[in-house]
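Structure assessment
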Amino acid sequence: MEKKDHILYDKTGNPSKEPAWIFRTYAGHTNAKESNELFRKNLAKGQTGLSIAFDLPTQCGYSSDHAIARPEIGKVGVPINTLEDFRILFDQIPIEEMNTSMTINGTSMWLLSLYVALAEERGEDVSKLQGTTQNDIIKEYLARGTYIFPPEHSIRIIVDMYEYCLKRIPKWNPSNICSYHLQEAGATPVQELAFALATGMAILDAVKERNCFTHEEFEQCVGRISFFVNAGIRFIEEMCKMRAFSDMWEEITKGIYQVKSEKYRRFRYGVQVNSLGLTEEQPENNAWRILIEALGVTLSRDARCRALQLPAWNEALSLPRPWDQQWSLRLQQVLAYETDLLEYPDLFEGSRVVESKVKDLIENANKEIQKIKEMGGAIKAIENGYMKAQLVKSQAERLAKINNDELIIVGKNKWKEGIPSPLTNDPDGGIFKVDPKSAEQTLKVLSDVKARRDAKKVAESLARLEDDAKNGKNLMFASVECAKALVTTGEWADTLRKIFGEYRPSTGVEGQKLNLESDKVSNVRNKVEKFQKATGARPKIVVGKPGLDGHSNGAEMIAVSAKHAGFDVIYSGIRLTPEEIVQSAVEENANVIGVSILSGSHVELAEQIFAELKHYKADIPVVFGGIIPQPDFEKLHSIGVKAIFTPKDYDLMDVMDRIIDIVTEKIPASV
Amino acid sequence: MTVRFAEKELKELIQEASQGEKYPLAKLISELEKPDSFEFRKVLFKELENSGFNGNRSVTIGFTGTPGAGKSSLLGEISTNFLQTVPDKKMAVVAIDPSSHISGGSLLGDRTRLSLPVREKRIFFRSQPSQLELGGLNPYTYHVIRLLRCFFDFIFVETVGIGQNEIEVSKLADISFLVMVPLGGDQIQFMKSGIMEVPDAFILNKCDEENLARASYHTLSTTLEFLRDIVPGGSIPPIFLTSVKTKKGIQELLDFILKSKPHTKRSTETKVQIEKWIKTEYGNFGLKALSQTHFDPNGSFEEVETSAKTEIEKRYK
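Definitions and cut-offs
Residues numbered from 1 in each chain as written. Chains lettered and ligands numbered in written order. Predicted model: local features only at pLDDT ≥ 70, side-chain atom pairs only at ≥ 80, totals over all residues. Heavy atoms only, no water. Helix = DSSP H or I, 4+ residues; strand = E, 2+ residues; numbered from the N terminus. Rg over C-alpha atoms; globule rule 2.2 N^0.38 Å. Buried < 20%, exposed > 50% of the residue type's maximum accessible area, 1.4 Å probe, protein only. Contact = heavy atoms within 4.5 Å. Areas by Shrake-Rupley, 256 points an atom, 1.4 Å probe, with all protein chains shown as cover. Lys, Arg positive; Asp, Glu negative; His and termini not counted. Charge placed at Lys NZ, Arg CZ, Asp CG, Glu CD. Buried area = accessible area lost by both parts, 1.4 Å probe. Salt bridge = Lys/Arg side-chain N within 4 Å of Asp/Glu carboxyl O. Polar contact = N/O pair within 3.5 Å; in protein donor to acceptor, adjacent residues only side chain to side chain. Nonpolar A, V, L, I, M, F, W, Y, C, P; charged D, E, K, R; others polar. Pairing = 2+ DSSP bridges. Core = buried A, V, L, I, M, F, W, Y, C linked by side-chain atoms within 4.5 Å. Domains from an automatic or database assignment. 1 Å grid on protein atoms, 1.4 Å probe; cavity = no way out; pocket = protein on both sides within 12 Å on 5 of 7 lines; lining within 4 Å. Points joined across faces, edges and corners; volume = space filled by probe spheres on them. Axes fitted to C-alpha atoms, helices over the stretch in contact; angles between N-to-C directions. Phe/Tyr/Trp six-rings, centres within 6.5 Å; stacked < 30°, edge-to-face > 60°. Lys NZ or Arg CZ within 6 Å of the ring centre and 35° of its normal.

So, on to the overall build of chain A. Summing up its helical and strand segments, chain A has 27 helices and 15 strands in all. For 671 residues, the compact-globule estimate of 2.2 N^0.38 gives 26 Å, and the C-alpha radius of gyration of chain A, at 25 Å, lies within 12% of that figure. Oriented by its inertia axes, the alpha-carbon framework of chain A measures out at about 85 × 65 × 55 Å. Each of the 671 residues in chain A was classed as buried or not, and the buried ones make up 62%. Sequence separation of 24 or more characterises 79% of the internal contacts of chain A that already satisfy a separation of 6 or more. With an accessible surface of roughly 26100 Å², chain A has 51% of that area assigned to carbon and sulfur atoms. Taking the 85 positively charged and 95 negatively charged side chains of chain A as two groups, their mean positions are separated by 1 Å.

Right, here's the structure in full:
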């Protein structure tokens, strides 16, 4: 029988259809109990894998009862303090049958230990556990901010996990190289390719250096590396990027790491499509954007993802509601089950356009990788600030293009007029809010556990963790023991903080400039000049990023824009307390404080900031920016916030214009 | 521009600042940083003197070196040790960062690398844009330091960039350090440009690794041997090996700083600073006029400034 080119054949030569990718929804909020219900509902709706979102304290290694955790409990994910929370979270969910992805980095070892402890407690065969801990600490230093320890110790933890998993949970992916956030932070496709692959090599080099595996085991290890990427709106280019990824990974694993088995060289990846391009304006347009972005990573069989999660149409407004997540899941189901997408061999094989584009991406990405290699690899390029500065630069260029109307975003800088969306007219405003009282439940579970656990066992297991950390032993064993002894997330992380220290990476904003010269820029600069004439000094802004939310793009762009406008800018990076931010503003006698918050904790943090200003008897105006829903504006204004900027305010000079006006208003009193 | 604060208000601000209140001090500094602050300076320093604050016992420490030498992180460690080990003393930091030449704006990032305790009255940190003077001090730094000396026992001044401008800091510091990194290759370049003769002491920072540190130490000390002939007394400046990562050498460096006394050159400081200012404002013509001006070396900057200006104006006619 003649084989037809448009038919897909399986290994035995029979016509077949490709199985669908794993459908996931990045989910988790409020507390373990609520999240458990959400997971079970999602699975019943046809979701085929779990993707757990953890709240910021869990990600940063703080228990819910830590002061810094309080405003963040259950906000952007589920809070996990002890094994008890995992018992609740996975109640009635057969973890041995699940493929569970945990978006966790700084505390990934701890969460995996809890998972293992839970499986052992349930009497399951631990070797059957399947899933992924994200554990890509490098992108945390660059883009997302939930790192804890310095690079060398973070890498050590990752290698410990590879060593442990290979022998005990062979189907687990101990780390997943996540270029997703790099694109969110402004990375071009070339940068996404280069930085992700350089990270992959850094991990493989560290594993090799440990020298704990035979070559066969090392090959298996390479086979366990998976990637988590971003798919943007330029979907043809994104599809080509995925093909480039596969080709380059093949070259790297075969050429540099001598992996003989084809199976272990395969580029395995999951996707979350881009949130950066989602707009707060006309949010209904986001539905189409998400569909198009999903096509980029599903259309081409040779570049098809293994797992997909789609954001919700309203993610630029707030956290999605369960209904919004359901809508996203339905899109995947339509794509996979209604269309004929999975019935064909690769559609783009032999396309000259695609081939040429892929070649181009590979060439440029290789150049960039070479540069990183010459610096001594990805870890060095983090420590010297190179990668971060490159991303801030790309982001500034992208924003300048949007501001100059060179990059069209429908509903944002073009075709702005429209009928308001009926989707947001629901009584809940189309957005989701975590019940502030729900944190009590988490705290109660935590205090109950602390009251009834065996204190001696806790102390012993933590002592072992400390010893093992000092003596270079694999930390997984002590961590699982800690999990079983009901140690808390904060206790685990604090013990290691004591030994490893905490990391502060470079902010990447220094030396950056904005490629923006327009009438608006001159207008703002004129106002700045007037201010300077009137007061004898440049306006001074302190840009602050309080709390545990590490998404610093907004703060970085404001810092760079303010400098461009002629301000003196003080920006000290992420994870500062409101006390630290106010102290900077007071000591510097700043004219304004600009605060960026994306985690939904704006009200609590505003209250803390104003309390601190009161302590210093300082009357410095404060403006807020971030994902702040309209209904919260009044509350923030009543606390004293002068202006609120949301993703709608993408025009950087409009923002600066409002800020200089606020600063100028104060002149009569301050001259 | 007129003086912004009424007499009573100024007195209050000074009193509060002397008690470690940050906002009043910050406001005073902002006034000093303005151009034409002459009248304000006259009133302020007079008032300070009347209130018994003269800053004579305070020590000024200059930290200079190439960007990336880790000066800020090092200062962060020193501050931590200072607060822990010297409970009865106060310190201030002035960190100078370059400004943008396009917009004039600046990004002051030095706080990034320092983690300072909050509400701690014994330490005060202030950033300063270099006001388009690439590296080096800005025109108001000197007056800010004069003010800080009144309230703090130790003033650290940190400057970025490298070149002749950089060593400006040594002209107002009682003791100045050049911060370098192991095998940075800077030594030879510095030697050529004469910079090696300026600092009172050297710091090899980022000595995380022993062998590299030792190798660099020997290179540097050999280079410094050449100085023996030109340095009075023939003694070569000390070299400190430090690492923020391993905490190496931090306490030793702090102990050395704590033992420092206000330098004898303090008496000529006014002269040096006024010359610098006159040179910027009136060039060689001004300097010539200044050389004809007789002033009391112990007089205030503002008195000297007034007599210099009078002399210059006389010559203009």
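After that view, the rundown keeps rolling.
On to the interface of chain A and chain B, then. In this complex, chain A contributes 43 residues to the contact, which on the side of chain B involves 35 residues. Summed over both partners, the interface of chain A with chain B comes to about 3200 Å²; 48% of that surface belongs to carbon and sulfur atoms. By the criterion of area lost to chain B, the three top residues of chain A are A:Lys563, A:Glu587 and A:Asn589, representing 19% of everything that side buries. For A:Glu587, the salt bridge identified is with B:Lys22, shortest N-O distance 2.8 Å. Counting every contact that joins chain A to chain B gives 16 residue pairs in polar contact (both at pLDDT 80 or more). Taken together, the elements giving at least two residues each to the side of chain A that touches chain B come down to helix 21 (519–535), helix 22 (553–565), strand 12 (568–571), helix 23 (578–587) and helix 24 (602–615) of chain A. The element contributing the most residues to the side of chain A that touches chain B is helix 23 of chain A, with six residues. For the side of chain A that touches chain B, the class distribution of residues is 14 nonpolar, eleven polar and 18 charged. Sheet topology note: the strand 12 of chain A/strand 3 (residues 106–108) of chain B ladder contains three bridges and is parallel. Bridge pairing links A:Asp568 to B:Ser106 in strand 3 of chain B.

Let's shift gears to the pattern of salt bridges. Across all of its chains, the model carries 71 salt bridges over all chains by this definition. In this structure, the salt-bridge partner of A:Glu250 is A:Arg265, at a minimum N-O distance of 3.0 Å. With a gap of 15 residues between them, A:Glu250 in helix 10 (residues 235–256) and A:Arg265 in helix 11 (residues 262–265) connect regions that are remote in the sequence. One salt-bridge network, held together by shared partners, links B:Arg41, B:Arg146, B:Glu302, B:Glu305 and B:Lys309.

Moving on, we come to the nonpolar core. Residues and elements named next belong to chain A. Within the largest apolar cluster, 122 residues are counted, with the highest numbers of intra-cluster contacts made by Phe-227, Tyr-269, Met-387, Phe-567 and Ile-659. With 13 residues, helix 8 (residues 189–210) is the largest single contributor of residues to this core. The residue makeup of this core includes at least three contributed by each of domain 1 (134–404) and domain 2 (519–665). Filtering out sequence-adjacent residues up to four positions away, Ile-659 remains in contact with Ile-541, Phe-567, Val-592, Val-623 and Phe-645. Judged by nonpolar contacts, the second largest core, of 56 residues, contains Met-109, Ala-119, Val-449 and Trp-492.

Before going further, it helps to spend a moment on empty space enclosed by the protein. To find the voids left in a structure, one rolls a probe of water-molecule size over its atoms. Scanning the entire structure with this criterion turns up six cavities of 30 Å³ or more. As for the largest cavity, its lining consists of A:Arg504, A:Ser572, A:Leu576, A:Glu580, A:Gln583, A:Ser584, B:Arg111, B:Leu114, B:Ser115, B:Leu116 and B:Val118. Tallied by class, the residues present in the lining of the largest cavity amount to four nonpolar, four polar and three charged.

Moving on, we get to the sheet that holds strand 12 of chain A. Ordered in space as 15(A)-14(A)-13(A)-11(A)-12(A)-3(B), the six strands form an open sheet in which the pairing is parallel. Across the chains shown, the open sheet's two edge strands, defined by having one partner strand only, are strand 15 (643–645) of chain A together with strand 3 of chain B. Going from strand to strand, the sheet's axes swing by 20° on average, the running direction of each strand aside. Most of the contacts of helix 26 (residues 652–665) of chain A go to strand 15 of chain A, to which it runs at about 165°, and overall it touches strand 11 (540–544), strand 13 (592–597), strand 14 (622–626) and strand 15 of chain A.

On to the domain arrangement of chain B, then. Residues and elements named next belong to chain B. Per the domain assignment, the segments of chain B are domain 1 (1–54), domain 2 (59–258) and domain 3 (266–317). The interface is formed by eleven residues belonging to domain 2 together with eight residues belonging to domain 3. Summing the contributions of domain 2 and of domain 3, the shared interface buries around 890 Å²; its carbon and sulfur component is 42%. The largest contributions to the domain 2 side of the interface with domain 3 come from Tyr-142, Arg-146 and Lys-171, which together make up 48% of the buried area. On the surface where domain 2 and domain 3 come into contact, there are two salt bridges. With a closest N to O distance of 2.8 Å, Glu-302 and Arg-146 form a salt bridge. Our count for the domain 2 to domain 3 interface comes out at three residue pairs in polar contact (both at pLDDT 80 or more). Only strand 1 (59–65) and helix 5 (141–151) provide two or more residues apiece to the side of domain 2 that touches domain 3.

On to the packing of aromatic side chains, then. Each aromatic ring pair is characterised by the separation of its centres together with the angle its planes make. According to the stated counting rule, one finds 32 aromatic pairs over all chains in the structure shown. Between B:Phe82 and B:Phe154, the ring centres sit 5.8 Å apart and the planes meet at 75°, which makes this aromatic pair edge-to-face. Highlighted residues: B:Phe82 in helix 4 (residues 71–85) and B:Phe154 in strand 5 (residues 154–159), separated in sequence by 72 residues. On the basis of relative accessibility, which here comes to 0%, the residue B:Phe82 falls in the buried class. Judged by centre distance (6.4 Å) and plane angle (65°), the ring pair of B:Phe177 and B:Phe240 falls under edge-to-face. With B:Phe177 in strand 6 (residues 175–180) and B:Phe240 in strand 8 (residues 239–241), this residue pair connects regions lying 63 residues apart in the sequence. By relative accessible area, B:Phe177 is classed as buried at 0%. Counting every residue linked through ring pairs, the aromatic cluster contains A:Phe227, A:Phe245, A:Trp249, A:Phe267 and A:Tyr269. Over the ring of A:Tyr9 we find A:Lys3; its NZ or CZ atom is 5.0 Å from the centre of that ring.

Residue and element names in this part refer to chain B. When you tally the buried positions in strand 6, you get six out of six residues, the bulk of the element. The alternating pattern of strand 6 places Ile-175, Phe-177 and Val-179 on one face and Ser-176, Leu-178 and Met-180 on the opposite face, and all of these are buried. When strand 6 meets strand 7 (residues 201–204), the two strands line up parallel, connected through four bridges. Residue Leu-178 lies in a different strand from strand 7, and its bridge partner there is Phe-202.

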